[in-house]
Amino acid sequence: MFARSTTITGSPAEVDACIAYVRDDVMPMITHMDGCVGLSLMADRERGQCIATSSWRDAEALSGSFDDLATVRDRATEMMHGTRHVEEWEVACMHREHPTLEGACARSVWLRTNHTDMDKGIGIYRDVLLPMLEGLPGFCSASLFVDRATQRACATTSFDSMEAMAASREESWAIRERGVRDAGVDVLDAAEFELCIAHLRVPELV
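Worth saying up front: this structure is predicted, and the values here are computed from it rather than measured.

About the criteria used
- Residues numbered from 1 in each chain as written.
- Predicted model: local features only at pLDDT ≥ 70, side-chain atom pairs only at ≥ 80, totals over all residues.
- Heavy atoms only, no water.
- Pairing = 2+ DSSP bridges.
- Helix = DSSP H or I, 4+ residues; strand = E, 2+ residues; numbered from the N terminus.
- Axes fitted to C-alpha atoms, helices over the stretch in contact; angles between N-to-C directions.
- Contact = heavy atoms within 4.5 Å.
- Salt bridge = Lys/Arg side-chain N within 4 Å of Asp/Glu carboxyl O.
- Buried < 20%, exposed > 50% of the residue type's maximum accessible area, 1.4 Å probe, protein only.

(A) Inspection of the sheet that holds strand S2 (residues 36-44) at higher detail. Strands sit in the order S1-S3-S2-S8-S5-S7-S6-S4 around a closed barrel of eight strands; the barrel is antiparallel. Pairwise comparison of adjacent strand axes, ignoring direction, gives a mean angle of 35° for this sheet. Pairing analysis gives five bridges linking S2 to strand S8 (residues 185-199), with the strands arranged antiparallel. Across the sheet, the residue bridging to Leu41 is Ile197, located in S8. Most of the contacts of helix H3 (residues 70-80) go to strand S1 (residues 2-9), to which it runs at about 25°, and overall it touches S1, strand S3 (49-56) and strand S4 (83-96). The strands touched by helix H4 (residues 118-134) within the sheet are S4, strand S5 (105-113), strand S6 (139-147) and strand S7 (152-159), with S6 carrying the most contacts at an inclination of about 170°.

Now the structure itself:
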């Protein structure tokens, strides 16, 4: 399974318009494209940032969809009066405890390996960190995306509510620090978001 994330950073005042565009126009279109498995959208209203992630059955479907969605990316970027950054990933791990409901939130951490191989890091996340994340109050799901070419990764954990995510911060940071130490990775960035659309539909991969 593969995924493409488009991060658009622009005007906080236009975040609601971007959410509506992705929900009402983009999602019905993209989910009917050949090889598309689903779509998610995270938003940070204060930073004026939206991250839309589409999931794809295989690398061929991922590659073949890029040009077809150029107009969509242009429209969303113009709507936000912003800039965008596109990343493509291999879905290394996906686990759902239960479906997310309205009010769900997510925390993403971007990482880069420094002296270890990617498969070792994936194994540590799946076998050591994921069971710890499952124990967090309000836990919904967790995923790990990797880009072997750049040795980068993105780990995302979703929660039932903003309150549950806030309550998990201290323990989540401790889990993250263990992963950083054991896997030999560097943390590039971390952020928390509203989970506005959660229809990625990637099957369980653990």
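(B) Broad picture of the pattern of salt bridges. Inspection of every chain in the model, using the stated rule, returns 16 salt bridges. The partner of Arg126 in a salt bridge is Asp127, and the shortest N-O contact between them spans 3.1 Å. Salt-bridge contacts for Arg176 lead to Glu177; the nearest nitrogen and oxygen are separated by 3.2 Å. For Arg176, a relative accessible area of 23% puts it in the partly exposed group. Classification of Glu177 as partly exposed rests on a relative accessible area of 39%. Within the structure, one salt-bridge network assembled from shared partners comprises Asp16, Arg45 and Glu194.

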